[in-house]
Amino acid sequence: MAHVRLFRHYIHLPYLILGLIDFLVLAFAFALAVFFRYFGDLSFFFENLNFLLPSAAVFAAMNLLVMVALGVHQSRIEEGMSGMMLRTIMALIVSVPLCGFAYLLSPDWLWYLGASNVLTSGSVFGFFLLGIARSLFFSLVGKDTFKRKVLVLGAGFRARQIHEDLRTPFNRKGFILTGFVPLPDEPVEISEAYLLNIPTTLQQYIIEHPVNEIVVAVDDRRKGLPMEDLLECKMEGVKIVDGASFYERESRKVALEMVTRGWLVFSDGFTVSSVFGFGKRSLDILAATTLLLAGLPLMVLTAIAIKIEDGLKAPVFYSQERVGLSGRVFKVHKFRSMITDAEKDGAVWASQNDARVTRVGEFIRKVRIDELPQIFNVLNGTMAFVGPRPERPVFVEQLSEKIPFYSERHRVKPGLTGWAQLCFAYADNEEDTREKLRYDLYYIKNQSLLLDLLIIIQTVEVVLFKKGSR
């Protein structure tokens, strides 16, 4: 099992294991720092362990939270071990003041967090011990240890989409593709090098060449599936999964070209409860209020910078009509990042190196400061903190006609940040919008408070490393 599903969201199992290892290592590093600073005698140290454990747990939890926000564990796939450890250094530095803040909230319970020399020593010990633990983990656990062997039944359009879209190391981290089995009378769109020649039955093949999962990616099931053969495979312990569900699980997005209304109706997800609604609204208000208090100095400086560049009479804010929940139009507020008459000829897509963007606007777009006034949209209830980004009515009308299921993104409130913003760059054309919709539908289908919290935390990485900004 390469993925664990928590509250309908798929999490890669090695990340959970590595996260637990990191937590234990960091707690041990903090205990080590306390031992050298205050004890030196093992028996005395163990007698006072009950006083130390809360501080060690909070130290480890704070560091792990910041590591998640900075995408430390995922970074190894794209940046290697060196990139992972560089992000770890950043996380350990950021966590020191956070641990100090935790001490101020509970000085009696978290007494050891109040010593700055213990925090810095714990961070240094933590860095070296994490490097050793991770190196051991990756050397002992091979890259294919947690991967499932997968066989795809079908070799047509749907199979080709799985083959082409799930070929990056990030999308292939959960499975090993053994090959494709074409069906009679089905057009073959897969290269012959990836086709499997099965002279007998599927059951006989998997007995001789064991697989964990068979993915059914047939273009037209009405032409017949080898149901008896698939049943025999299932009785052998092989999991049978639909192609669209497999695609969703591995890529964390919905395959627009593979899903039907029937799949959307019968697949798991799209469930909303009043308890979730209350929890989400509470989280929205808490997150928006926290961001408002933290970002207020930046907002004031941004307003001053806009006035200095464009003059005292120049407007600071820019309001625009957007489509929200149930297709209702509302006004979204942003810091003005373009010249005052940027849309005198009508609405157009924002593009890379857009000539209409001011110098101040270019900077505040890169670091996402221009979006901060939308905090007030979250507080007044027209937006949520997490959700699909709201689009303009003129574009919604055009895109709804061209892209299937586009209007479904209005089933939830639009958000200040969202799953698509974490996973994909800025959309400035129809094809990019189609790709972002795949992620938006995944969020709408699997939304939960855990997923919202994960998105809020990882948005820090988007801001710091300028992912998707334009």
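These numbers were taken from a predicted model, which means no experiment stands behind them.

Here is what the cut-offs are and how they apply
- Residues numbered from 1 in each chain as written.
- Predicted model: local features only at pLDDT ≥ 70, side-chain atom pairs only at ≥ 80, totals over all residues.
- Heavy atoms only, no water.
- Helix = DSSP H or I, 4+ residues; strand = E, 2+ residues; numbered from the N terminus.
- Buried < 20%, exposed > 50% of the residue type's maximum accessible area, 1.4 Å probe, protein only.
- Contact = heavy atoms within 4.5 Å.
- Lys, Arg positive; Asp, Glu negative; His and termini not counted.
- Charge placed at Lys NZ, Arg CZ, Asp CG, Glu CD.
- Patch = residues over 30% accessible without salt bridge, like charges linked within 9 Å, V, L, I, M, F, W, Y side chains within 5 Å.
- Areas by Shrake-Rupley, 256 points an atom, 1.4 Å probe, with all protein chains shown as cover.
- Salt bridge = Lys/Arg side-chain N within 4 Å of Asp/Glu carboxyl O.
- Pairing = 2+ DSSP bridges.
- Axes fitted to C-alpha atoms, helices over the stretch in contact; angles between N-to-C directions.
- Core = buried A, V, L, I, M, F, W, Y, C linked by side-chain atoms within 4.5 Å.
- Parallel < 35°, antiparallel > 145°, perpendicular 65-115°, else oblique.
- Left-handed = near helix turned anticlockwise from the far one by under 90°.
- Nonpolar A, V, L, I, M, F, W, Y, C, P; charged D, E, K, R; others polar.
- Phe/Tyr/Trp six-rings, centres within 6.5 Å; stacked < 30°, edge-to-face > 60°.
- Lys NZ or Arg CZ within 6 Å of the ring centre and 35° of its normal.
- Polar contact = N/O pair within 3.5 Å; in protein donor to acceptor, adjacent residues only side chain to side chain.

K.L.:
Just checking my understanding: could you explain the overall build of the protein for this structure?
P.N.:
Scanning the protein for helices and strands turns up 17 helices and 10 strands. Summarising its shape, the C-alpha atoms of the protein cover approximately 75 × 70 × 40 Å along the three principal directions. Across the 470 residues that make up the protein, the buried fraction comes to 49%. Long-range contacts, defined here as pairs at least 24 residues apart, represent 75% of the contacts in the protein between residues at least 6 apart. Taken as two groups, the 52 positive and 49 negative side-chain charges of the protein have centres that lie 5 Å from each other.

K.L.:
Can you walk me through a nonpolar patch on the surface in this structure?
P.N.:
A cluster of nonpolar residues, Leu296, Val300, Leu301, Ile304 and Ile308, forms a patch on the protein surface that exposes about 500 Å² of accessible area. Here Val300 lies in helix H11 (residues 274-310).

K.L.:
What exactly am I supposed to notice about the sheet that holds strand E6 (residues 239-242) here?
P.N.:
The strands making up a sheet associate through backbone hydrogen bonding, with each pair oriented either parallel or antiparallel. The parallel open sheet is built from 4 strands, whose spatial order is E4-E3-E5-E6. Two strands close off the open sheet at either side, each with one partner strand: strand E4 (175-181) and E6. Adjacent strand axes in the sheet meet at a mean angle of 25°, parallel and antiparallel pairs treated alike. Along the sheet face, helix H9 (residues 243-251) touches strand E3 (148-153), E4, strand E5 (213-216) and E6 and points at about 90° away from the line of E6.

K.L.:
In this structure, what is going on with the nonpolar core? I would like to understand it.
P.N.:
In summary, soluble globular proteins display a tendency toward joint burial of nonpolar side chains. Val152, Ile162, Phe246, Phe335 and Trp419 are the most contacted members of the largest nonpolar core, which has 63 residues in total. In this view, Trp419 contacts His9, Arg252, Tyr439, Tyr442, Tyr443, Leu451 and Ile455; residues no more than four positions away in its chain are not counted. Listed in part, the 34 residues of the second largest apolar core include Ala27, Phe39, Val66 and Ala115.

K.L.:
What is the right way to look at the packing of helix H1 (residues 13-38) against helix H3 (residues 49-69) in this model?
P.N.:
Helix-helix packing is characterised by the crossing angle of the two axes and by the distance between the axes. Look at H1 against H3: their axes get within 8 Å of each other, and the N-to-C directions meet at 135°. Classified by the interaxial angle, the pair formed by H1 and H3 is oblique. Crossing hand, H1 versus H3: right-handed. Along the contact surface, H1 presents Gly19, Asp22, Phe23, Leu26, Ala27, Phe30, Ala31 and Val34, while H3 presents Leu52, Ser55, Ala56, Ala57, Phe59, Ala60, Ala61, Asn63, Leu64 and Met67. A per-class count over the contact of H1 with H3 returns 14 nonpolar, 3 polar and 1 charged.

K.L.:
Would you take a moment to explain the pattern of salt bridges for this structure?
P.N.:
Charged atoms that come close allow side chains of opposite charge to pair. Taken as a whole and judged by the stated rule, the model has 19 salt bridges. We note a salt bridge from Lys445 to Glu248, for which the minimum N-O separation is 3.2 Å. One end of the pair, Lys445, is in helix H16 (residues 430-446); the other, Glu248, is in helix H9, and 197 residues separate them in sequence. Exposure remark for Lys445: the relative accessible area of 3% places this residue in the buried category. Overall, the relative accessible area of 2% leaves Glu248 in the buried class.

K.L.:
Looking at this structure, I do not really get the packing of aromatic side chains. What am I missing?
P.N.:
Centre-to-centre distance and the angle between the planes together describe a pair of aromatic rings. Overall, the coordinates contain 8 aromatic pairs when judged by the stated rule. Here a set of aromatic residues connected by ring pairs shows up, and it is made of Phe35, Phe36 and Phe125. When the ring centre of Tyr38 is taken as origin, the NZ or CZ atom of Arg37, which lies over that ring, is 4.7 Å away.

K.L.:
Looking at this structure, I do not really get the packing of helix H6 (residues 157-165) against H9. What am I missing?
P.N.:
Where H6 meets H9, the closest approach of the two axes is 11 Å, and the angle between their N-to-C directions is 10°. By the angle between their directions, the pair H6 and H9 is classed as roughly parallel. The segment H6 lies against H9, with Gln161, Ile162 and Asp165 engaging Gly243, Phe246 and Tyr247. Among the residues forming the contact of H6 with H9, the class breakdown is 3 nonpolar, 2 polar and 1 charged.

K.L.:
What am I meant to see in the environment of Val118 here?
P.N.:
Turning to its location among the elements, Val118 is positioned in helix H5 (residues 116-140). Given a relative accessible area of 1%, Val118 falls into the buried group. In contact with Val118, not counting residues within four places along its chain, are Phe30, Ala33, Val34, Arg37, Tyr38 and Tyr112.

K.L.:
In this structure, what is going on with the side chain of Arg148? I would like to understand it.
P.N.:
Considering the arrangement of structural elements, one finds Arg148 in strand E3. A polar atom in the side chain of Arg148 sits 2.6 Å from the side chain of Glu250.

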